Amino acid sequence: MAAGDARKHEKAIDISGLDYAFGEHEARKQVLYDIELAVAPGEFAIMTGPSGSGKTTLLSLVGALRRPQQGRIVCVGSDLMRLQGVELEAYRTGLGFIFQLHNLFPALTAFQSVQMAADLRDDLPGDKMERIASLLTELGLGERLHYRPSKLSGGQRQRVAIARALVHRPALVLADEPTAALDSQNTEIVLGLFRRLARENGTTVLMVTQDARVFERADRLVNLVDGRIDSDSRR
Amino acid sequence: MAAAGMGFAILVIFVQLGFYSSVLNTALAVSSRLNGELILISPRFVHLSEAGEIPRARLFQVLAHPKVLSATPIYFRYVVSRDSATGNYCRLFALGFPLADARTAMPLRIPGIDDQLDALRPTGDVLMDRFTQTRCGPSSPESQFELMGTAARVVGRFELGVGFLADGAIVASDDSFGRYFSKLGYSLDRPHLGLIKLAAGSDPAKVAAGLRERLPSDVRVITREELDAYQHRHWVQNTAVGNIFGMGTVAGFLVGVVVLFQILSTDIRNHLPLYATLRAMGYTSQRLHGYVLEQSWIFAVLGYAPALLLTLILFPIIHNVTLLPIFMTGKLAAGVLVLSFIMCTVASMLSSRRLRRADPAELF
Ligand SMILES: Nc1ncnc2c1ncn2[C@@H]1O[C@H](COP(=O)(O)OP(=O)(O)O)[C@@H](O)[C@H]1O
Ligand SMILES: [Mg+2]
């Protein structure tokens with residue numbers, strides 16, 4: 001999957017009849033029920049809902065971080081029910097993950113952290129080093145390219161993690177509360193980046209947030225309650 | 001901290017291997033300095049300190065071979081020395097040869113002997129190894145020095161270094177040598193080995209075969225390289241020191257593997273979410289293992305550099321105190337570097353198994 005062709009699939013996310021349960025037998029606890037969700041390439045979708053409603057579980061299923069159990073889940077052309085081995089790794093390489101915790105290596109500078117992601121893709125257009133530096137600069141880290149996480153604030157670390165998730169122009173960005181640690185100015189910058197990636201690259205964004213200020217910026221608002229899609233509105 | 005642990009393990013390996021190579025230096029100290037292509041030994045020969053004796057007459061038979069330039073009897077034995085001023089006794093390795101033969105071909109390639117041959121002429125006068133323990137004396141020119149209870153004079157020094165073999169070494173004329181042991185009924189007609197120098201361009205193996213045909217079974221003909229091999233085998237396999245330092249090297253290696261394994265495993269355990277993140281990013285297991293391997297090599301380098309530095313300081317000190325032939329060589333430095341990398345690679349392969357627990361499912 002080369003960068004820049006994220007629009008070639010009809011649907012970026014195509015889910016129907018998806019169930020998911022943790023545990024087995026008596027301990028079995030179903031957390032997702034009959035999920036139906038279709039997101040078009042380039043769409044910016046926000047998923048919201050009360051705590052424990054299954055948002056994170058759904059996100060990790062879309063990211064192929066969990067093995068789906070039942071139903072249909074096809075994302076950017078890959079059938080996640082069947083995906084494994086090299087194809088699984090290739091699928092993940094085409095995604096951008098932004099976790100609640102930044103999970104940066106303490107020994108690596110901001111630049112090196114982003115480079116680790118960029119190194120996974122050798123089909124990126126233009127100069128890699130330049131791209132890393134300009135992305136970090138755009139995120140307000142131009143002065144801190146060669147700082148290690150210990151020398152960065154919480155918000156700065158989160159922005160490094162965001163740069164790491166976006167540097168390779170992924171077809172699909174999956175983000176869980178990415179703006180929780182950011183002030184409103186940096187939140188704006190990050191949302192702007194999402195928008196630009198969607199416009200230039202056809203990148204689809206699926207983002208979990210409780211932050212009502214962000215809702216109005218999305219194309220889609222999906223509300224999950226008790227493992228079911230309660231409402232799904234286009235804006 | 002991690003690098004310190006590595007550094008310590010590598011230092012242990014350096015010191016053990018240093019001692020080990022000084023055992024090898026000891027083994028070859030004398031044999032490698034014999035100036036001849038072939039050696040005549042007793043059938044009872046085990047190694048230089050347990051050589052048996054050969055009939056001197058065999059050397060004349062050897063001389064009859066057209067390709068043989070010289071055949072020199074070599075005498076060696078442990079002698080007990082005593083310095084009357086201090087009363088100190090020592091065990092010295094004594095080497096003797098006929099001075100007349102040395103005019104044709106110097107039997108020993110030991111720095112300091114060639115130009116002092118004349119000084120050895122008076123019976124009882126000897127040259128002493130500069131690397132002899134100082135306590136052996138002679139403590140002053142006035143003090144009386146004895147070898148096997150017979151008065152002797154140290155008239156000069158040479159440079160050999162016999163390591164674990166003895167407290168020191170002396171070189172004497174065959175007559176002087178015979179005198180020290182005459183009380184024991186020892187006769188110069190029975191040297192400990194014969195040193196054969198061949199004419200330039202002759203093939204030692206061929207001459208050896210020819211000699212074997214002429215000589216009775218009370219002597220054997222071997223090449224000098226074979227003598228080195230005898231010595232090497234004896235010191236490495238049959239002496240306590242060879243075994244101790246050989247095992248010490250293995251132990252240092254294992255300690256290094258265990259220390260680094262602990263360090264890497266702890267590091268992986270502490271950073272499991274980070275490794276899981278790399279998995280989520282699409283890093284293959286292979287790449288993750290590669291990343292751990294890279295880390296371990298950084299430890300190898302970080303540990304090696306200070307260990308090398310410490311060893312460079314330590315070896316001269318050990319050498320000065322013990323007079324053992326323990327030196328830093330390019331071969332030792334390179335060998336330990338290679339061992340360090342192997343050590344780190346093994347440790348990283350063992351600890352890589354922990355990566356399986358890096359599960360990206362719990363990251364969000
Ligand atoms: N690893 C797990 N094992 C068992 N139950 C889990 C696990 N992860 C989440 N759950 C349960 O699944 C439900 C949905 O969790 P989650 O997807 O994290 O919801 P949200 O992100 O909307 O808060 C919760 O009831 C939670 O307790
Ligand atoms: Mg959650």
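Please refer to the structure placed before this passage.
Presented here is an overview of the structure given in this document. (Residues numbered from 1 in each chain as written. Chains lettered and ligands numbered in written order. Predicted model: local features only at pLDDT ≥ 70, side-chain atom pairs only at ≥ 80, totals over all residues. Heavy atoms only, no water.)

1. A look at the site of ligand 1
Then comes step 1: The environment of ligand 1 is formed by Phe22(A), Lys29(A), Val31(A), Pro50(A), Ser51(A), Gly52(A), Ser53(A), Gly54(A), Lys55(A), Thr56(A), Thr57(A) and Glu362(B).
Then comes step 2: One chain alone does not account for the residues near ligand 1; they come from chains A and B.
Then comes step 3: With respect to ligand 1, the side chain of Lys29(A) contributes an N or O atom lying 2.5 Å from an oxygen atom.
Then comes step 4: Between ligand 1 and the protein, one listed contact pairs an oxygen atom with a backbone N or O atom of Ser53(A) at 3.2 Å.
Then comes step 5: Contact with the protein chains hides 64% of the accessible area of ligand 1, taken as 560 Å² for the molecule alone.
Then comes step 6: Those elements that provide at least two residues to the shell around ligand 1 are β2 (29–39) and α1 (55–62) of chain A.
Then comes step 7: A per-element tally of the shell around ligand 1 places α1(A) first, with three residues. (Near = heavy atom within 4 Å. Polar contact = N/O pair within 3.5 Å; in protein donor to acceptor, adjacent residues only side chain to side chain. Areas by Shrake-Rupley, 256 points an atom, 1.4 Å probe, with all protein chains shown as cover. Helix = DSSP H or I, 4+ residues; strand = E, 2+ residues; numbered from the N terminus.)

2. Some remarks on the interface of chain A and chain B
Then comes step 1: Contacts between the two partners involve 24 residues from chain A, matched on the other side by 21 residues from chain B.
Then comes step 2: In total, about 2000 Å² of surface goes out of reach between chain A and chain B, with carbon and sulfur atoms giving 68% of it.
Then comes step 3: The largest per-residue losses of area from chain A upon contact with chain B belong to Phe105(A), Met116(A) and Leu120(A), which jointly make up 29% of the total buried on that side.
Then comes step 4: Seen at the junction of chain A and chain B, the total is one salt bridge.
Then comes step 5: A salt bridge links Glu362(B) to Arg66(A); the shortest N-O distance between them is 3.5 Å. (Contact = heavy atoms within 4.5 Å. Buried area = accessible area lost by both parts, 1.4 Å probe. Salt bridge = Lys/Arg side-chain N within 4 Å of Asp/Glu carboxyl O.)

3. Observations concerning the state of the cysteines
Residues and elements named next belong to chain B.
Then comes step 1: By the definition in use, this model includes one disulfide over all chains.
Then comes step 2: Put simply, Cys-90 and Cys-136 are joined by a disulfide, and their sulfur atoms are 2.0 Å apart. Between Cys-90 and Cys-136 the disulfide shows an S-S torsion of about -85 degrees. By sign, it is left-handed. Of this pair, Cys-90 sits in strand β3 (residues 89–97) while Cys-136 sits in the loop between β4 (125–129) and β5 (145–147), and the two are 46 residues apart along the sequence. In this pair, the class of Cys-90 matches that of Cys-136, namely buried. (Disulfide = S-S within 2.5 Å. Buried < 20%, exposed > 50% of the residue type's maximum accessible area, 1.4 Å probe, protein only.)

4. Considering the sheet that holds strand β9 (residues 220–225) of chain A
Residues and elements named next belong to chain A.
Then comes step 1: If you trace the six strands from one edge of the open sheet to the other, you get β6-β7-β8-β3-β9-β10, paired in mixed fashion. Of all strands in the sheet, those bounded by a partner on one side alone are β6 (95–98) and β10 (228–234). For this sheet the average axis-to-axis angle between neighbouring strands, irrespective of direction, equals 15 degrees.
Then comes step 2: Pairing of β9 with β10 involves six bridges; the strand directions are antiparallel. From the neighbouring strand, Asn-223 faces β10, where its bridge partner is Ser-231. (Pairing = 2+ DSSP bridges. Axes fitted to C-alpha atoms, helices over the stretch in contact; angles between N-to-C directions.)

5. Some thoughts on the packing of helix α7 (residues 240–270) of chain B against helix α10 (residues 330–351) of chain B
Residue and element names in this part refer to chain B.
Then comes step 1: In contact at an axis separation of 8 Å, α7 and α10 are set at 45 degrees when each is read in the N-to-C sense. Here α7 is positioned oblique relative to α10, judged by the angle of their axes. The two elements α7 and α10 cross, and the hand of that crossing is right-handed. Along its contact with α7, which presents Gly-252, Phe-253, Gly-256, Val-257, Leu-260, Phe-261, Leu-264, Ser-265 and Ile-268, the element α10 presents Leu-339, Ile-342, Met-343, Cys-344, Val-346, Ala-347, Ser-348, Leu-350 and Ser-351.
Then comes step 2: Of the residues in the contact of α7 with α10, the class split is 13 nonpolar, five polar and no charged. (Parallel < 35°, antiparallel > 145°, perpendicular 65-115°, else oblique. Left-handed = near helix turned anticlockwise from the far one by under 90°. Nonpolar A, V, L, I, M, F, W, Y, C, P; charged D, E, K, R; others polar.)

6. Concerning the environment of Ala151(B)
Residue and element names in this part refer to chain B.
Then comes step 1: Assignment of secondary structure puts Ala-151 in strand β6 (residues 150–158).
Then comes step 2: Each C-alpha atom, one on Ala-151 and one on Ser-81, is 9.7 Å from the other, the two residues being 70 residues apart in sequence.
Then comes step 3: Once residues lying within four places of it in the same chain are set aside, the contact partners of Ala-151 are Gly-124, Gln-144, Phe-145, Glu-146 and Arg-179.

7. Quick notes on helix α6 (residues 184–201) of chain A
Residues and elements named next belong to chain A.
Then comes step 1: Here α6 is 18 residues long and its end C-alpha atoms lie 25 Å apart, about the 26 Å a rise of 1.5 Å per residue gives.
Then comes step 2: Listing the buried residues of α6 in full gives Asn-186, Thr-187, Val-190, Leu-191, Leu-193, Phe-194, Leu-197, Ala-198 and Asn-201. Axial view of α6: buried residues confined to an arc of 150 degrees, hence all on one face. Away from the buried face of α6 by more than 90 degrees, exposed residues Gln-185 and Arg-199 are located. (Expected span 1.5 Å × (residues − 1). Arc of directions from axis to C-beta.)

8. Quick notes on the sheet that holds strand β5 (residues 78–79) of chain A
Residues and elements named next belong to chain A.
Then comes step 1: Spatially, the four strands line up as an open sheet ordered β2-β1-β4-β5, and their pairing is antiparallel. The open sheet terminates on both sides in strands that have one partner only, identified here as β2 and β5.
Then comes step 2: Summarising the sheet, strand β4 (residues 70–75) and β5 pair through two bridges and their orientation is antiparallel. If you follow Val-74 over to β5, its bridge partner there is Asp-79.

Spatial relationships are all this shows, so hold off on functional conclusions.
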